[in-house]
Amino acid sequence: MGTPPLSPWAVLVLTLVLLGLWAPCVVSRRPNFIVILADDVGWGDLGANWAETKETPRLDQLAAEGTRFVDFHSAASTCSPSRASLLTGRLGVRNGVTHNFAISSLGGLPLNETTLAEVLREAGYSTGAIGKWHLGHHGRHHPNSRGFDYYFGIPYSHDMGCTDSPGYNVPPCPPCPRHSTAARVARKDCYTEVALPLFENITIVQQPVELGSLARRYAEEAERFIQRASDSGRPFFLYLALAHMHVPLAPPLPPAPGRGIYGASLGEMDALVGRIKEVADSLGRGSTLLWFTGDNGPWAQKCELAGRLGPFVGAWQRQRGGSSAKQTTWEGGHRVPALVYWPGHVPARRTSHALLSILDIFPTLVALAGAALPPNRRFDGLDVSPVLFGWSDVGHKVLLHPNSGAAGKAGEIEALRLAQYKAFYTTGGAMACDGSTGPAQQHQPPLIFNLDRDIQEQEPLDVASREYQAVLPAISRAYAQALQDIAADNVSVADYSQDPAAIPCCNVQHVGCRCHGALGATRDPHGETRTPRLCL
């Protein structure tokens, strides 16, 4: 699974450069990078992927002006592990992040893991993170200590703290208490004890967050960061981790008839992405690579507030109970939308069927920046520049899918992809809208599906069939080699210990950590903030 120091395409490019035959898509200067990560978005939430979706005209235009990847996968089916893999190019069994961090977590992404931001900053990039972090917020795990020059956002999911206007959730959550005498409300899936904080760098500027204005503020801060970086003359890397489409949803206006809360929120996300694209284009078309994708599939137990799976329904699991989306290793859990836009470099109106992953973002951007991968570790991601440029449509030969909460030990590899074949050594269903879950089942020999014929994962191959007997040895070898490679690697261990003192709080004297009048620190014309409240 390790990445070689010099890939074959790099050798080809070097040869072409020496011969003076370099193709016109050569990068004359280092590109800017914008990675937009949607939360709990479904593969079918883009109209370009799924005709029934009508709320994403700007994303669909992005697809038309760039390349759409239809066999693209998150590195896990839940928040923290997926984000850790994006920023390290390594699966959770290597980087140590195998499940989500809590609001009271002392640890985070292990400090010996090198982030994409650290590599790019060392290469001369301005680096910014805006939005959800969820990789540790205490001490040196904060984004400002992990390679990001600037941070504006929330330290974890926005349902992990109360707000005054809680938005739409299933079940509905109460607002933050306003007085110390207020009765504590304990409801499943609702965090009511501590208000959700909003950070600018290490300062809490609002607690609780005003959810209704969060998308607008993210867009504004992204524009400011891009402008500052552009004025400095340095290339930039912006990691924009959206609150959309995670619950609670808080669309700015009541939804139009027939659109629903989810559709209205999807439209808001679409508008935000469109705004960022316009800002990128204003710097000069072709100067910025924009990569849009998702951290995992829809959260099915949220019912009408969950996204669209498209055709990836995990029918075999559904017949046995539970969801086949987020937290599972079924396609609906980890196959996510992906678009790359880079005028003059990435072909327009192209659909790629290459098997790619969020793991590939790290090595690909590092290569395009002319930087080097960190030494003394192995990577699960690939430099997929040839696929982006349209020179190739070949991605991973083998892709591993770690357990993500529905079944098996979190982070362990018990499902994998080999070409069109998907093998399961363990299956299980996450909680569905009706409250059911699917029991964990182990499979020896593994269940094997041919996704070319059975994208719904409905009927596994007959163990006695010629096809099964022909592909099983290759799958077994690939699985054994992957586990051996991981065992021989320098792996990290995350600290998942908790302490209430680690909970971000701007005012410990107030119930819920409310900052009186903290509607966001006011900003003066020179970009400085006033009345900051330090994180304790």
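Residues numbered from 1 in each chain as written. Predicted model: local features only at pLDDT ≥ 70, side-chain atom pairs only at ≥ 80, totals over all residues. Heavy atoms only, no water.

Peer 1: Provide a residue-level description of the packing of helix 6 (residues 214-232) against helix 7 (residues 260-282), including the pertinent values.
Peer 2: Two elements in contact, helix 6 and helix 7, have axes whose closest approach is 10 Å; the angle formed by their N-to-C orientations is 10°. Accordingly, the angle class assigned to the pair helix 6 and helix 7 is roughly parallel. Residues Ala-215, Arg-216, Ala-219, Glu-220, Ala-222, Glu-223 and Ile-226 of helix 6 pack against Glu-268, Leu-272, Arg-275, Ile-276 and Val-279 of helix 7. Its residues assigned to classes, the contact of helix 6 with helix 7 comprises seven nonpolar, no polar and five charged. (Axes fitted to C-alpha atoms, helices over the stretch in contact; angles between N-to-C directions. Helix = DSSP H or I, 4+ residues; strand = E, 2+ residues; numbered from the N terminus. Parallel < 35°, antiparallel > 145°, perpendicular 65-115°, else oblique. Contact = heavy atoms within 4.5 Å. Nonpolar A, V, L, I, M, F, W, Y, C, P; charged D, E, K, R; others polar.)

Peer 1: Explain the sheet that holds strand 15 (residues 421-429) residue by residue, including any values.
Peer 2: A sheet is described by the order of its strands in space; here four strands give the open sequence 13-14-15-16, paired in antiparallel fashion. Of all strands in the sheet, those with a lone pairing partner are strand 13 (398-402) and strand 16 (438-450), marking the two edges. When strand polarity is set aside, the average angle formed by the axes of neighbouring strands in this sheet is 20°. Relative to strand 16, strand 15 runs antiparallel, the two sharing seven bridges. Residue pairing in the sheet places Phe-424 in a bridge with Leu-447 of strand 16. (Pairing = 2+ DSSP bridges.)

Peer 1: Before we move on, can you summarise empty space enclosed by the protein with the specific residues and values?
Peer 2: Counted according to the given criterion, the structure contains five cavities of 30 Å³ or more. In this structure, the largest cavity occupies an estimated 150 Å³ of space. In terms of lining, the largest cavity is formed by 14 residues, of which the most central are Leu-211, Ala-243, His-244, Ala-250 and Glu-268. Of all the secondary structure elements, the ones that give two or more residues to the lining of the largest cavity are helix 6 and helix 7. In terms of residue class, the lining of the largest cavity is made up of nine nonpolar, four polar and one charged. In this structure, the second largest cavity occupies an estimated 100 Å³ of space. As for the second largest cavity, its lining consists of 13 residues, of which Gly-161, Cys-162, Pro-166, Cys-173 and Pro-248 are closest to the centre. Split by residue class, the lining of the second largest cavity holds eight nonpolar, four polar and one charged. (1 Å grid on protein atoms, 1.4 Å probe; cavity = no way out; pocket = protein on both sides within 12 Å on 5 of 7 lines; lining within 4 Å. Points joined across faces, edges and corners; volume = space filled by probe spheres on them.)

Geometric values such as these leave the question of function open.
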